[in-house]
Every structure is written in structure tokens, then in C-alpha cells.
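Descriptive structure summary
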Amino acid sequence: MTNKHAGASPSKVADPGLAERGRCKIDWAESRMPVLMALREEHARLQSLKGMRIAGCLHVTKETAVLVETLLAAGAEISWSGCNPLSTQDDVAAALAAAGVSIYAWHGMNVEEFYWCIDRTLDFKPTLTLDDGADLIFSVHNRHPHLIAGIVGGTEETTTGIHRLRAMAADGALKYPVVAVNDAETKWDFDNVYGTGQSSLDGIIRATSVLLAGKNFVVAGYGHCGKGCAMRAAGLGASVIATEIKATAALKATLDGHRVMTMDEAAAVGDIFITATGMKDVIVKRHFEVMRDGAIVCNTGHYDCEINIGDLASLSTGKREIRDNCEEYTLRDGRRIYLLAQGRLVNLAAAEGHPSEVMDMSFANQFLSMVRLAREGRDLVADVHDIPESQDQYIAGIKLRTMGMSLDVLTDEQARYADDYSAGT
Ligand code: 9W4
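This one's a predicted model, so the numbers in the text were calculated from it and none came from an experiment.

Some thoughts on the environment of Ser390
- Structurally, the position occupied by Ser390 is in helix H16 (residues 389-402).
- The exposure class of Ser390 is exposed, given its relative accessible area of 52%.
- Taking the C-alpha atoms as reference points, Ser390 and Glu69, 321 residues apart in sequence, are found 25 Å from one another.

Remarks on the pattern of salt bridges
- Counted by the stated rule, this structure contains 23 salt bridges.
- Where Glu69 meets Arg23, a salt bridge forms, and the shortest distance between an N and an O atom there is 2.8 Å. Remark: Arg23 occurs in helix H1 (residues 19-30) and Glu69 occurs in helix H3 (residues 62-73); sequence separation between them is 46 residues.
- Residue Arg206 is joined to Glu352 by a salt bridge in which the shortest nitrogen-to-oxygen separation is 3.1 Å. In this pair, Arg206 is assigned in helix H8 (residues 185-208) and Glu352 in the loop between helix H14 (346-349) and helix H15 (356-376), connecting sequence segments 146 residues apart.
- Here Glu352 falls in the partly exposed class, since its relative accessible area comes to 47%.

Considerations on the pairing of strand E15 (residues 326-331)
- Among the six residues that make up E15, five are buried, leaving the element largely enclosed by the rest of the structure.
- Strand direction decides the pairing type here: strand E14 (residues 316-323) and E15, joined by six bridges, are antiparallel. By the bridge assignment, Lys319 is partnered in E15 with Tyr329.
- Linking E14 to E15, which pair antiparallel, is a turn of two residues; within it Asn325 sits at a positive phi near 60°.
- Bridging between E15 and strand E16 (residues 336-340) involves five bridges; their strand directions are antiparallel.

With respect to the sheet that holds strand E12 (residues 272-275)
- Spatial ordering of the open sheet is given by E11-E10-E9-E12-E13-E16-E15-E14, a layout of eight strands whose pairing is mixed. What marks the edges here is a single partner per strand, and that holds for strand E11 (259-260) and E14.
- Against the sheet, helix H9 (residues 224-235) makes contact with strand E9 (216-220), strand E10 (239-243) and E12, and its axis sits at roughly 170° relative to E9, the strand it touches most.

Details of the packing of aromatic side chains
- Going through the model one piece at a time under the given rule, you end up with three aromatic pairs.
- Consider the rings of Tyr104 and Trp116, whose centres lie 5.9 Å apart with planes at 85°: the pair is edge-to-face. You can see Tyr104 sitting in strand E5 (residues 102-105) and its partner Trp116 sitting in helix H5 (residues 111-122), a full 12 residues away along the chain.
- Over the ring of Trp28 we find Arg32; its NZ or CZ atom is 4.2 Å from the centre of that ring.

Topic: the domain arrangement of the protein
- Assigned domains of the protein: these are domain 1 (16-187 + 353-402) and domain 2 (196-349).
- Relative placement of domain 1 and domain 2: their C-alpha centres are 33 Å apart.
- Taken together, the contact between domain 1 and domain 2 spans four residues of the former and six residues of the latter.
- Around 360 Å² of area is buried between domain 1 and domain 2 when both sides are counted, 51% of it from carbon and sulfur atoms.
- It is Gly353, His354 and Pro355 that lose the most area in domain 1 upon contact with domain 2, and together they represent 83% of the buried surface on that side.
- Here domain 1 is connected to domain 2 by zero salt bridges.
- The tally of links from domain 1 across to domain 2 stands at one residue pair in polar contact (both at pLDDT 80 or more).
- Classifying every residue of the side of domain 1 that touches domain 2 gives one nonpolar, three polar and no charged.

A closer look at helix H4 (residues 90-98)
- In terms of burial, H4 is largely enclosed, as eight of its nine residues are buried.
- Along H4, the residues classified as buried are Asp90, Asp91, Val92, Ala93, Ala94, Ala95, Leu96 and Ala97.

Thoughts on the site of the ligand
- In the region of the ligand, 16 residues are neighbours, and His59, Thr61, Glu63, Ser87 and His354 sit closest.
- Contacts to the ligand include His354, whose backbone N or O atom sits 2.8 Å from an oxygen atom.
- Out of a free accessible area of 660 Å², the ligand has 74% covered by protein chains.
- Those elements giving two or more residues to the shell around the ligand turn out to be H3, H14 and H15.
- Each residue belonging to the shell around the ligand can be placed in one class, and the counts come to five nonpolar, eight polar and three charged.
- If you count residues domain by domain, the shell around the ligand takes at least three from each of domain 1 (16-187 + 353-402) and domain 2 (196-349).

Observations regarding the nonpolar core
- With 49 residues, the main nonpolar core has Leu49, Ile54, Leu67, Leu71, Trp80, Ile103 and Phe367 as its most contacted residues.
- With 10 residues, the top contributor of residues to this core is H15.
- Apart from residues no more than four positions distant in its own chain, Ile103 is found in contact with Pro10, Ser11, Lys12, Val13, Val60, Trp80, Ala93, Leu96 and Ala97.
- With 26 residues, the next largest nonpolar core counts Phe114, Ala134, Val140 and Leu174 among its residues.

Here we look at the environment of Gln89
- Note on placement: Gln89 falls in the loop between strand E4 (77-81) and H4.
- Note on Gln89: relative accessible area 21%, which makes it partly exposed.
- Those residues in contact with Gln89 that lie beyond four places of it in its chain are Lys25, Val60, Thr61 and Lys62.

Here's the deal with the packing of helix H2 (residues 34-46) against H15
- Two numbers describe how H2 lies on H15: the axes approach to 8 Å, and their chain directions differ by 25°. If you check the angle between H2 and H15, you find them roughly parallel. Residues Pro34, Val35, Leu36, Leu39 and His43 of H2 touch H15, and the partners they reach there are Asp360, Phe363, Ala364, Phe367, Leu368, Val371 and Arg375.
- Per-class residue counts for the contact of H2 with H15 are nine nonpolar, one polar and two charged.

Quick notes on the pairing of E9
- Of all the five residues making up E9, five are buried; the element is thus mostly covered by neighbouring parts of the structure.
- Here E9 shows two buried faces, one formed by Asn216, Val218 and Ala220 and the other by Phe217 and Val219.
- The pairing of E9 with E10 spans five bridges and is parallel. Note that in E10 the partner of Val219 across the bridge is Ala242.

What counts, and at which threshold
Residues numbered from 1 in each chain as written. Predicted model: local features only at pLDDT ≥ 70, side-chain atom pairs only at ≥ 80, totals over all residues. Heavy atoms only, no water. Helix = DSSP H or I, 4+ residues; strand = E, 2+ residues; numbered from the N terminus. Buried < 20%, exposed > 50% of the residue type's maximum accessible area, 1.4 Å probe, protein only. Salt bridge = Lys/Arg side-chain N within 4 Å of Asp/Glu carboxyl O. Pairing = 2+ DSSP bridges. Contact = heavy atoms within 4.5 Å. Axes fitted to C-alpha atoms, helices over the stretch in contact; angles between N-to-C directions. Phe/Tyr/Trp six-rings, centres within 6.5 Å; stacked < 30°, edge-to-face > 60°. Lys NZ or Arg CZ within 6 Å of the ring centre and 35° of its normal. Domains from an automatic or database assignment. Buried area = accessible area lost by both parts, 1.4 Å probe. Polar contact = N/O pair within 3.5 Å; in protein donor to acceptor, adjacent residues only side chain to side chain. Nonpolar A, V, L, I, M, F, W, Y, C, P; charged D, E, K, R; others polar. Near = heavy atom within 4 Å. Areas by Shrake-Rupley, 256 points an atom, 1.4 Å probe, with all protein chains shown as cover. Core = buried A, V, L, I, M, F, W, Y, C linked by side-chain atoms within 4.5 Å. Parallel < 35°, antiparallel > 145°, perpendicular 65-115°, else oblique.

Below, the structure written as C-alpha cells:
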């Protein structure tokens, strides 16, 4: 598995023979990621990351590979590991290794191997860290503090990671500046609504091939993810029912054209249930007890405890895997309930996560944050920093241009009118 031949960087992947298939996937993602490709062209010319050594710990997917190769094109040296043992695509890892990238990632690695891989990426003494889950930043601070002096800054992709880093900064324990990529509007808004919306429906359809039209589709939680799922299910002809604990969110669901009920009411009429709340025990025993024969239940929230699978099992006389990612539970009275992807995130386990077009903007934020840190990281204090609004507008502007759309621009007179406070309104 270890690859160390002349001209190549050290790496460890599952099977170097998968490189050609991985390269096809990367080429496909490139063709759907016009913002990163535009940034690649510009920053290859500028060599904005020349002299930077970037250690990255991020899901090894085809979209991540496009980010890695954009960082390389901008002049950076790279060393990479995966941030979740189950998300690494071995063919993509093999393609990156074949292209000379120093990468340590294989699907299904154990915890010890996970940290071994992170430590290899730190061997080359990075000047920047790029994280999803903050494992690199924590590893540097807790196990390799001697590296801190050479690190200009880092980025963090996730809400959970950023939350922990803010706590660290409040205690004075964070020793270099970190940019909170998740908080960019071009990241969380598009990931959650359009990314989760499409990929969750994709996961349900791949796992069941069920017709959505005419079905009662119950969305638990009308936050951004729930809204995205509701919108796409409605688009396929389903009748959407939202359940909520928050009045304003429930009102939005109603005005978006959906029915609102409690889960106790929805349980008896739903055909397909998806949880997107971030809370445990959203669907429990008393709900399974009244569900229709054939009901389909799945989760797209971050934690896999939204559906109480223990309750479902306790009501069942048996279960079998009837299709990939689809388990049939038979209840004592003969009703059948179908659980998708074992209650894990259906969009990741049964489909491919966010489409490349959505990751394009998330990773453009990662890339531009690396460029910002290379330029001004030494002037930033050791704290968690937001992405400037101008970066969001810049990324959204490129995306629109690549889609062939243009924006109106205020005339000077209109700009003066907007700022004028002399004549009242
Ligand atoms: N993927 C993931 C995690 C767990 C998991 C057992 C078989 C997140 C963001 C991006 O977490 C990610 N468990 C699986 S599959 C699986 C996949 N199992 C459990 O039963 C299946 C993950 C970001 N992203 C996209 O969304 C698209 N491209 C990206 O880079 C990727 C992966």
C-alpha cells in the first residue's frame, strides 16, 4: 500500500490500481466546478500559494481532489489525509497519489491508522492547515505544539469544528488564526438547502426507486435542510407535511405551501418520513405503532439517533435487507416499515452527498481562505475569523457568470439616492 518510488511523494492508499477510474471521477467533477477552475487559472498565474506547505484533513472525494489540484496549481505543496474513514473514495485517493500528491487515506481505516495518517501529513511541517472537524488543529495543539510557530493559519469547514475552536479561543488556547469557512453564505446556505435537498431525495430514490408523486412526504424539522428536502419532494409531486417545534419555522412551511402537523398526527398518514432536526428520538415507538404498511423512514440530520431504531426493532418480529440501503422490518401485526441506510445520513450513505456544483462554492471558500491566510495570516490574531461578505459576493458573482447570467449595477445617481438622508423617505 505504501508508495515511495522515484519522483513520487510518499503516500499510502488502498489500491494504486484504481487511479484511472479515480481520474475519470475527478475530470467529471472538474467539468461541474467552474468557480474553482476559474480560480485555478487565475492563481496559477499569480502563484498565490508559492512557498506555502498545506496539510489538509478533508473527505477524500472527487470534489476535494479538484480543490487539492487547485491548491497545487497555485504553487502550494500539499500533504493530505481523509477526515472520516468511511468517506474516502479509494479510487480518488489512488488518482491523487498517481499524480504525485502526498496522500494518506483509505476507506475503512481504524482510529489508530486515522491519527497515523494525520501525523504523516504533519511530518512536512505545514505553514497552513485545512480542516473538516478540526482534527488537524487539535493534533497540532495537543500532540505537536512545536509546529505552531511555523503555522500562519488554518481553515475549518464544519459548524461543530468551529464551535469547539471558538471555545478554545475563548480560553486563550487557540494559538493561530482560523477562518470559519462554514459561516460563508455561499457555503452553508447552498450546502444545506440545495445540496441536502437534492442528495437526500437522490438517496431515497436510489434506495427504494419509489414514485414520489402522490405520496405524503413527512419532513421533520423545517430548517435549511428540511426546507430543501420539502422543496424537492414537492417538485416531484409529493404532498409535503412538515413537523416543527418552532412557530416561525412552522409558519414558513405553511406559507411555502406545505401542511404542518405534529409527528403524532403525521405518523398515521405519512408514506415517506425524513428527519432533519439535529435532535434525538424524533420518530419513536408510538409513531411506528400507527404507521401505514410500507412506510419508508430515513434521516438526513447530522446524528443517527433521530430515528429510534431500538424501538423499531422491539416492535418487529424480524428484518431483512430487501435492497441496498433498505431494511424491511416486519411488525407483529404484519405491517412492514422500511428503514433506509440504517438511520444514517441517507444523502451520504445511499447517494453521493452534495453535487459537485454545490461543493464548487464551499471549496472556493476554502481556497480563497488559504490565499487570504497566505497573504495576511501573520497579521491576524489567534482567533476564529469570519469570511468577509465581499468573498461571498465574489464567489457568487463568478458562479453566476459561469452560468451565463449577469447582474445589474447601480448608477451613481441610484447609489446617491440610497445614501441620501436629506429629504426623508
Ligand atoms: N461521508 C460519509 C460519512 C459516513 C458514512 C455504514 C454503509 C461528508 C461531507 C462530504 O461524511 C461524509 N457512512 C457510511 S457511508 C458514509 C459517508 N456508511 C455507514 O453503512 C455506509 C461526507 C463533502 N462532500 C460532498 O457532500 C460531496 N463531495 C464532498 O466532498 C463528503 C462526505
